[in-house]
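Descriptive analysis of the structure
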Amino acid sequence: MSIDFESWADTQAALLGLPIAPEHRPGVLRYLQLVAGMAPRVMDFPLGPADESGNVFVPVAPEDVAEGGAT
Amino acid sequence: MTALNQVRAALARIEATDAKVNAFTAVLAERALARAQALDAAGQATPLAGMPFAVKNLFDLQGLPTLAGSKIEREAAPAARDAALVRRLEAAGAICVGALNMDEYAYGFTTENSQYGPTCNPHDLKRISGGSSGGSAAAVAAGQVPLTLGSDTNGSIRVPASLCGVFGLKPTFGRLPRSGTYPFVASLDHLGPFAGNVRDLALAYDAMQGVDADDPAQARRAVEPTVAHLGRGSDGLRIGVLGGWFQRMANAAALAAVQQCAQALGTDRIVEWPEVDRARTAAFMITNAEGAALHLADLKRRASDFEPLSRDRFIAGALLPAAWLVQAQRLRHWFARQVAASFRDVDVVLAPATPCTAPEIGTEWLEIAGQRMPARASMGLLTQPVSAIGLPVVSVPLWGLDAAQPHLPIGVQVIAAPWREDLALRVAQVLEHSGLARAPKAHGL
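For clarity, every value in this text was computed on a predicted model and none was experimentally measured.

Here we come to the overall build of chain B. On a plain count of helices and strands, chain B comes out with 15 helices and 17 strands. A globule of 445 residues ought to have a C-alpha radius of gyration of about 22 Å, and chain B, at 20 Å, matches this closely. Its C-alpha atoms give chain B principal-axis dimensions of roughly 55 × 55 × 45 Å. Looking at chain B as a whole, 61% of its 445 residues are labelled buried. Pairs at least 24 apart in sequence give 78% of the contacts found in chain B among residues at least 6 apart.

What follows is the structure, encoded as structure tokens:
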């Protein structure tokens, strides 16, 4: 499947409200192509339901929050 | 030597050399001299005994805006107090003399900073210092200070340590508190020291350990001192050399450095980690997406104020599909489990820290193992898979192995299982005492 990088950049940027200046656009498209070329190495790797995230949440107890620090 | 004399000597060396090296973005002479006088007057013995140090400018220093290498953060309010690790080093008797140059927001491996200028390699001023903690490595290599702090998300301690020829320690992910520092990628950021010898590295590391309530992401580990164990050597340790990716993506000098260390340690054992390239890619994607999300507000308002070398990469990172980031985090965890299993059979493994010695400033492309590769990103090819899973690493510098550039150093990563900084430091000291690994100050500055 070929990827329309222009369309990808425009759609995602619009969703985020992120303007891309004309002078930045060629570089952004170049990096999108780079990372899209790398992504299959991650996305094609078979993982099962038991393979959890490397990003682990630590619950916050009331005593962990300093007075007025719940920002 | 009194603290005051140590600080005066450091300030004089900075004054004499920094116009050439460009390691410092702020020198805190008044503060440092006052602290040195107070320390001498107190007359108490401290572990770091008046040792001058400096920090990458993403560490908070009271009264200064925390630049993180950027133009944008110049407008930030001055920090109300020092970062936790700065306070801990000063409590142990070290004295902060200033802040150091870096790649903007730590997104780079070269410290070619368009706002503050490149930090030059003290051993060859036309070459890069490495990054993103380039100022931290260069300041030690130039003999400006004996100790610095930096950060390492994908290699930003180990790459400049390798290219500038100094020792660097990236502790286990979560070991040291990050309170009071400007983040890059919370999932991957580590802090750690650089020094001219392994003992100073371990002294500083020991002084910085311990839980800090201000850092919710820090692991709740007890202090595990290392200095007392340094002299135990490598006897009884099972040591291997990482094969596969770590040999394929390295030039001759990097391979020779690892080979010399393996010989000195009496090992020819090869250890293979599975799917290293996929793990490195996962770290690349996590970095790109998380780093971009952190800066999204400024990317919307003032993208032109970002570093041109990393701005477009940041913008692209904001546009990645969420499923890529989630899968990358899951793959990272899978890889950590595979590598943990491999540490049942080995205590320490060796790998090159960089694929090659320091390229010249402005280099766009390099040949690595016969392939034409983008120079800046490729400096982290061999460090990124290791920090992706938070292993502790000491980078040790070797010399004279690049036939074309024999005056340049190159580093070897001494890697241990999580929480075993003690083993990596012991092996690093064996290599130092053998004479192979050393960090001479640069001549002729």
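Now that the structure is up, let's keep going.
Here we take up the environment of B:Ile361. Inspection of the secondary structure assignment puts B:Ile361 in the loop between β13 (348–352) and β14 (365–368). Expressed as a C-alpha distance, the spacing of B:Ile361 and B:Ala262, which sit 99 residues apart in the sequence, is 31 Å.

Turning next to the environment of B:Gln405. All names here are of chain B. Mapped onto the secondary structure, Gln405 falls in the loop between β16 (393–399) and β17 (409–416). On the neighbour-count criterion, Gln405 (18 C-beta atoms within 10 Å) is partly exposed. As a C-alpha pair, Gln405 and Asp124 span 281 residues in sequence and 9.9 Å in three-dimensional space.

With 156 residues, the main nonpolar core has B:Phe167, B:Val414, B:Ala424 and B:Ala428 as its most contacted residues. Sorting elements by how many residues they give to this core places helix α9 (residues 276–294) of chain B first, with nine residues.

Moving on to the sheet that holds strand β10 (residues 190–195) of chain B. Residues and elements named next belong to chain B. Pairing is mixed in the open sheet, where 11 strands are placed in the order β1-β3-β2-β8-β10-β9-β16-β17-β13-β11-β12. Taken across any chain shown, the strands that pair with only one partner, and hence form the sheet edges, are β1 (24–27) and β12 (270–271). With five bridges joining them, strand β2 (residues 52–56) and strand β3 (residues 95–100) adopt parallel strand pairing. Across the sheet, the residue bridging to Val55 is Ala99, located in β3. Packed on one face of the sheet, helix α2 (residues 29–42) meets β1, β2 and β3 and runs near 160° to β3. Of the strands in this sheet, β2, β3, β8 (147–152) and β10 touch helix α3 (residues 84–91), which is tilted by about 150° from β3.

All names here are of chain B. Taken across its five residues, β2 has five buried, putting it largely inside the fold. Handedness of the β-α-β unit built from β2, α3 and β3 comes out right-handed. The pairing of β2 with β8 spans three bridges and is classified as parallel. When the sheet's bridge partners are listed, Val55 is paired in β8 with Leu149.

Procedures and definitions
- Residues numbered from 1 in each chain as written.
- Chains lettered and ligands numbered in written order.
- Predicted model: local features only at pLDDT ≥ 70, side-chain atom pairs only at ≥ 80, totals over all residues.
- Helix = DSSP H or I, 4+ residues; strand = E, 2+ residues; numbered from the N terminus.
- Rg over C-alpha atoms; globule rule 2.2 N^0.38 Å.
- Buried ≥ 20, exposed ≤ 12 C-beta atoms within 10 Å, placed from the backbone.
- Contact = placed C-beta atoms within 7 Å.
- Core = buried A, V, L, I, M, F, W, Y, C linked by C-beta atoms within 7 Å.
- Pairing = 2+ DSSP bridges.
- Axes fitted to C-alpha atoms, helices over the stretch in contact; angles between N-to-C directions.
- Right-handed = clockwise from strand over helix to strand, strands pointing away.

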